[in-house]
Amino acid sequence: MAESNLKISYIVPDFDENAYSGGLYVIFEHCNGLARRGHKVTLFNDTGIKSKLLKLDCDLVRHNNDPALLEKSVPDILVSTHWRTYFFIQKMKNILKDNTHLFSLVQSDDRSLIGREEWPLYNRAVTGLYRDALPIHKMAVSVYLQTMLKTTFGQDSLYIKNG
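Overview of the structure. Throughout, a residue's number is its position along its own chain's written sequence, starting from 1. A pLDDT threshold of at least 70 governs which residues receive local features in this predicted model, and a stricter bar of 80 or more applies before side-chain atom pairs are shown or counted, although totals over entire chains, interfaces and linings include all residues. Remark: hydrogens and water are excluded; side-chain values derive from all non-hydrogen atoms of the structure.

Here we take up the overall build of the protein. Here a helix means four or more residues in a row that DSSP labels H or I, a strand means two or more in a row labelled E, and each is numbered from the N terminus. Scanning the protein from terminus to terminus reveals 4 helices and 7 strands. Of the regular secondary structure in the protein, the N- to C-terminal order runs β-α-β-β-β-α-β-α-β-α-β. Contact definition: two residues touch when any of their heavy atoms are within 4.5 Å. Sequence separation of 24 or more characterises 61% of the internal contacts of the protein that already satisfy a separation of 6 or more. To be clear on the numbers: accessible area is Shrake-Rupley with a 1.4 Å probe, and residue cover counts the displayed protein chains and nothing else. Accessible surface, the protein as shown: approximately 8900 Å² in total, 50% of it carbon and sulfur.

Below, the structure written as structure tokens:
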């Protein structure tokens, strides 16, 4: 894959324009760094709202859970950033190019954070992300997460340092 002029899309869950998490900050830094290197970077989220607190040097698009928005500009690289975004990638798989590279940015082990009411949905997403037939490459932001992916799910991952 050529390194210049790639179309890279990140899919993120909703976020509040007046608040952000450390994980969202990391995603914004990834997007900004890639944009500075000349790549066409798009951040898709449910709301289309820009953060008032973080600078974002790429396009922000509200996806409305409609993969048709990507049909006009199918990315070379698509990055899922949260277990909830897996379902959007599933909807998109029929419009992705054969050479679109799929990645999952793993920033935490959410199993201990999920409420009982979300377990069935979470379990389906995690099973899909980590055991699906879709070739989704994993990127882990810590050695702990890299080890967890390997020992729990049998998945290899790239170690991507934060910052």
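DSSP-based pairing: two strands are paired if at least 2 bridges between them are found. Pairing is parallel in the open sheet, where 7 strands are placed in the order β3-β2-β1-β4-β5-β6-β7. At either end of the open sheet lies a strand with only one pairing partner, and these are β3 (59-62) and β7 (157-159). Pairwise comparison of adjacent strand axes, ignoring direction, gives a mean angle of 25° for this sheet. Relative to β7, strand β6 (residues 136-140) runs parallel, the two sharing 3 bridges. Bridge pairing links Ala140 to Tyr159 in β7. Sheet strands in contact with helix α4 (residues 143-153) are β5 (101-106), β6 and β7, and its direction is about 170° off that of β7. Note on geometry: axes are C-alpha line fits, over the in-contact stretch for helices, and angles between N-to-C directions span 0 to 180 degrees.

Between buried and exposed lies partly exposed: a residue is buried under 20% and exposed over 50% of the maximum accessible area for its type, with that area taken using a 1.4 Å probe on protein chains only. Counted residue by residue, strand β1 (residues 7-11) has 4 buried out of 5 residues, so it is predominantly covered. Pairing geometry for β1 and strand β2 (residues 40-45), over 5 bridges, is parallel. Counted as the bridge partner of Ile8 is Val41 from β2. Both β1 and strand β4 (residues 77-80) contribute to a ladder of 4 bridges, which runs parallel. In the sheet register, Ile8 faces β4, and the bridge partner there is Ile77.

On to the nonpolar core, then. Counting residues in hydrophobic clusters, the biggest one holds 40 residues, and the most contacted among them are Tyr10, Ile27, Cys31, Leu43, Leu56, Leu78 and Val79. Setting aside residues up to four positions removed in sequence, Leu43 forms contacts with Tyr10, Val12, Ile27, Phe28, Cys31, Leu56, Cys58, Asp59, Leu60 and Val61. By nonpolar core is meant a set of buried Ala, Val, Leu, Ile, Met, Phe, Trp, Tyr and Cys residues that side-chain atoms within 4.5 Å join together.

With that out of the way, let us pick up the side chain of His30. Locating His30 in the fold gives a position in helix α1 (residues 22-36). If we ignore the near neighbours within four places in the chain, the residues touching His30 are Tyr10, Leu105 and Ile160.

A pair is scored as a salt bridge if a Lys or Arg side-chain nitrogen falls within 4 Å of a carboxyl oxygen belonging to Asp or Glu. Applying the stated criterion to the full structure yields 1 salt bridge. Note that Asp156 is salt-bridged to Lys150, the shortest N-O span being 2.8 Å. Here Asp156 falls in the exposed class, since its relative accessible area comes to 57%. In this structure Lys150 comes out as partly exposed when scored by relative accessible area, which is 43%.

Moving on: the environment of Arg62. Summarising the element assignment, Arg62 is placed in strand β3. Along the primary structure Arg62 and Asp46 are separated by 16 residues, whereas in three dimensions their C-alpha atoms are 5.3 Å apart.

This brings us to the environment of Leu24. Locating Leu24 in the fold gives a position in helix α1. Using a relative accessible area of 8% as the deciding quantity, one classes Leu24 as buried. Along the backbone, Leu24 and Gln107 are 83 residues apart, and their C-alpha atoms lie at a distance of 9.8 Å.

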